[in-house]
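What follows is each chain in one-letter form.
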Amino acid sequence: MGRYVLRRLLQMIPVFIGSTFLIFFMVYALGDPVAALFGDKAPDPATAARIRKDLYLDEPLWSQYVHYMGQVFSGDFGTAFNGQPVTELMTGAFPVTLRLTVVAVVFEMALGVTLGVLSGLRRGRGLDTSVLLLTLVVVAIPTFVSGTVLQFLVGVRWGLAPPSVSPEAPFTQLLLPGVVLGLVSLAYTTRLTRTSVVENARADYVRTAVAKGLPRHRIVTRHLLRNSLIPVVTFLGIDIGALMGGAIVTERIFNIHGVGYQLYQGILRQNSPTVVGFVTILVIVFLLANLLVDLLYAVLDPRIRYA
Amino acid sequence: MPEPFETHLDMTEALAPAAGGGGPVAASGADTLQGGGPPRTPRRLPWRRPFRPGGGLPGSSRGLWSDAWHDLRRNPVFIVSALVILFLVTVAIWPQLIADGNPYQGDLSKAQEGPAPGHPFGYDLQGRDVYTRTVYGARASITVGICATAGAALLGSVLGGLAGFFGGWWDALLSRLADVFFGIPILLGGLVFLSVVTSGSVWPVVGFIVLLGWPQISRIARGSVVTVKQHDYVQAARALGASSGRTLLRHIAPNAVAPVIVVATIALGTYIALEATLSFLGVGLKPPTVSWGIDISSASSQIRNAPHMLLWPAGALSLTVLAFIMLGDAVRDALDPKLR
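If you're wondering where the values come from, they're calculated on a predicted model, not measured in any experiment. (Residues numbered from 1 in each chain as written. Chains lettered and ligands numbered in written order. Predicted model: local features only at pLDDT ≥ 70, side-chain atom pairs only at ≥ 80, totals over all residues.)

Draft legend 1. Up close: the overall build of chain B. From N to C terminus, chain B includes 10 helices and zero strands. Reading chain B from its N end, one meets helices and strands in the order α-α-α-α-α-α-α-α-α-α. Buried positions account for 51% of the 340 residues belonging to chain B. (Helix = DSSP H or I, 4+ residues; strand = E, 2+ residues; numbered from the N terminus. Buried ≥ 20, exposed ≤ 12 C-beta atoms within 10 Å, placed from the backbone.)

See below:
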């Protein structure tokens with residue numbers, strides 16, 4: 001187990017370097033961070049050259065990258081457009097987005113697994129067909145459409161939830177945005193659970209459990225569900241990336257001051273340290289989440305042993 | 001794999017979340033639409049079919065493709081979604097057929113007004129006809145969807161197919177490269193990439209989707225080629241002295257392409273949603289291009305006063321994405337006998 005984790009961590013290093021360099025390249029080589037500092041006005045050439053020298057922008061790209069990563073690992077993420085250090089923005093933004101993601105994950109897992117098991121056990125009946133059709137429709141509606149429409153209906157027309165979120169962003173206000181964020185993933189979770197339950201319901205161990213005379217709820221919860229959840233857990237790891245991307249849209253619609261909001265502001269104002277800094281952290285989160293999921297695999301499925 | 005739609009579905013990661021490991025089963029994440037319907041007449045798998053000299057009875061020795069076609073023609077989901085797509089493509093090429101107005105012409109005195117005779121969807125903020133704009137918006141979405149899918153499928157299947165066929169260091173390098181692209185959530189990458197490319201036309205968007213979309217296809221293609229490579233007929237072709245190129249093109253490619261087609265069809269729908277999302281965020285297509293994403297974005301601030309401005313383009317967008325996803329679903333059912 002320990003050796004496996006070590007090997008996976010070592011494998012993550014080239015992926016991390018590659019992904020962050022790709023983002024770094026897009027921001028620093030394709031865009032012009034110095035021109036962005038001056039907004040619409042053309043910068044004075046002497047001042048621009050001075051800033052370029054101060055920020056090491058006159059060096060080749062790879063040496064800029066090495067320099068930047070050196071600073072990141074010593075805890076210095078640079079300064080945002082309003083003069084605040086990027087780390088300060090991060091400490092404000094990450095807890096908010098974490099809460100939002102927790103709401104989304106709990107929602108999609110609880111409802112998705114329940115619906116998936118129900119429709120998987122009633123394969124081919126009316127409930128199953130309508131759940132499948134409904135998930136397709138949910139997948140087809142992009143988050144920004146469902147977000148805007150639900151914000152209008154639930155938040156404004158019916159007044160059931162606050163249509164926008166205060167800067168503190170407590171859990172109660174994040175319920176609606178969390179549901180919106182998790183909606184598309186909910187459809188995937190439902191379909192995945194259903195497929196998995198349908199496959200496993202024919203398995204020998206289920207027949208054995210039925211033959212032993214176990215009560216139905218015990219067969220479903222202890223035997224069927226535990227084995228059917230394995231692909232769902234894998235999906236969750238991949239889903240973290242989708243949720244982080246979707247958070248940009250959701251946070252924009254509901255005015256949540258989280259990671260997506262700060263990232264969007266950084267991109268809008270072409271503030272390179274904000275963008276590269278946040279993306280670097282998100283890439284690390286994504287890679288670690290996937291590692292965690294692979295380890296969870298071994299817990300759920302004893303057949304998998306990591307040497 | 002998700003995101004993507006956002007994801008990365010991904011959103012882009014389509015309806016195939018479990019395909020992340022590069023397994024040969026293309027899209028096990030989603031299930032078939034009529035997964036539980038009455039069991040259809042069992043059919044022999046293509047490779048189990050007994051050999052009949054002279055072709056045998058008509059219809060009794062179909063190949064995978066004619067077999068799939070035979071299946072699709074009887075599938076109502078396929079027929080409905082194919083008709084919708086046919087209609088959308090026609091409208092994208094000749095929008096004048098059903099809308100004779102000008103999508104750029106506005107009358108400010110009618111701003112945000114509801115439906116009127118001859119203008120069934122009402123007017124937008126600039127007094128432009130929402131119906132005309134919704135019809136003209138199909139072109140941008142369909143162009144982006146088809147071009148991006150074609151590009152990603154071509155690049156991904158060539159790279160992934162070669163990697164699966166030759167293996168070795170090229171394979172290892174490509175898999176790591178795909179990991180690097182997977183490390184970036186697709187919407188995030190799109191926001192960063194397109195914010196520095198200031199052109200508002202469809203081509204940067206297409207190029208970006210190809211850039212971040214090919215690894216998904218290449219994993220599927222690689223897994224599929226690796227599976228097919230081990231079959232006896234490939235060994236036979238080799239033993240008979242077929243060159244690598246001939247083995248790959250004539251023997252492996254036709255048998256390995258089915259999962260790629262399935263994933264690409266579903267990805268097409270999610271790419272359209274991705275384009276609209278990027279346009280909504282203000283980095284994808286930009287005015288004066290007529291696009292559903294742009295129209296929804298400008299309507300979203302006015303949803304209290306004039307919901308019709310948002311609902312029509314949003315409905316058209318969702319219908320388009322739904323049609324492509326359902327088509328992919330039906331094609332998967334027809335091409336993957338294992339899911340029966």
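And the narrative resumes.
Draft legend 2. Quick peek at the overall build of chain A. Within chain A one finds 12 helices and zero strands. Start at the N end of chain A and walk to the C end: the helices and strands fall as α-α-α-α-α-α-α-α-α-α-α-α. Along the three orthogonal principal directions, the C-alpha set of chain A runs to about 85 × 55 × 30 Å. By the burial criterion, 40% of the 307 residues in chain A qualify as buried.

Draft legend 3. Layout of helix α8 (residues 244-280) of chain B. When the terminal C-alpha atoms of α8(B) are compared, their 47 Å separation across 37 residues is substantially less than the 54 Å that a helix rising 1.5 Å per residue should span. In α8(B), a bend of some 55 degrees at A253(B) exceeds every other bend along the element, and P254(B), a proline, comes one to four places later. (Expected span 1.5 Å × (residues − 1). Bend = angle between axes of the 7 residues up to and from the residue.)

Draft legend 4. Structural context of the UniProt feature "transmembrane region" (unreviewed entry) in chain B. Following the UniProt record, one finds the feature "transmembrane region" (unreviewed entry) at residues 76-94, 142-166, 186-214, 256-274 and 310-331 of chain B. The span residues 310-331 of chain B is 100% helical and 0% strand by assignment, and the distance between its end C-alpha atoms comes to 32 Å. (UniProt positions renumbered as here; feature names shortened; annotations may be inferred.)

Draft legend 5. Representation of helix α3 (residues 45-54) of chain A. Sparse coverage of α3(A) is indicated by the burial of zero of its 10 residues. Positive backbone phi, approximately 65 degrees, marks Y56(A), located one or two places after α3(A).

Draft legend 6. Spotlight on the UniProt feature "transmembrane region" (unreviewed entry) in chain A. All names here are of chain A. The sites that UniProt annotates as "transmembrane region" (unreviewed entry) are residues 12-31, 98-119, 131-154, 174-192, 228-254 and 274-300. Counted over residues 98-119, helix gives 100% and strand 0%. Its end C-alpha atoms are 31 Å apart. Along residues 174-192 one finds 100% helix and 0% strand; the C-alpha atoms at either end are 26 Å apart.

Draft legend 7. A look at the UniProt feature "domain: ABC transmembrane type-1" (unreviewed entry) in chain A. When the UniProt feature table is mapped to this numbering, "domain: ABC transmembrane type-1" (unreviewed entry) covers residues 94-297 of chain A. This span, residues 94-297 of chain A, is 84% helix and 0% strand, and a straight line between its end C-alpha atoms measures 27 Å.

Draft legend 8. Molecular detail of the packing of helix α7 (residues 143-157) of chain A against helix α10 (residues 216-253) of chain A. All names here are of chain A. In contact at an axis separation of 10 Å, α7 and α10 are set at 25 degrees when each is read in the N-to-C sense. The angle between the axes of α7 and α10 places the two elements in the roughly parallel class. In the crossing of α7 with α10, the sense of the turn from one axis to the other is right-handed. Contacts between α7 and α10 involve T143, F144, G147, T148 and Q151 from the former and G246, V249, T250 and I253 from the latter. (Axes fitted to C-alpha atoms, helices over the stretch in contact; angles between N-to-C directions. Parallel < 35°, antiparallel > 145°, perpendicular 65-115°, else oblique. Left-handed = near helix turned anticlockwise from the far one by under 90°. Contact = placed C-beta atoms within 7 Å.)

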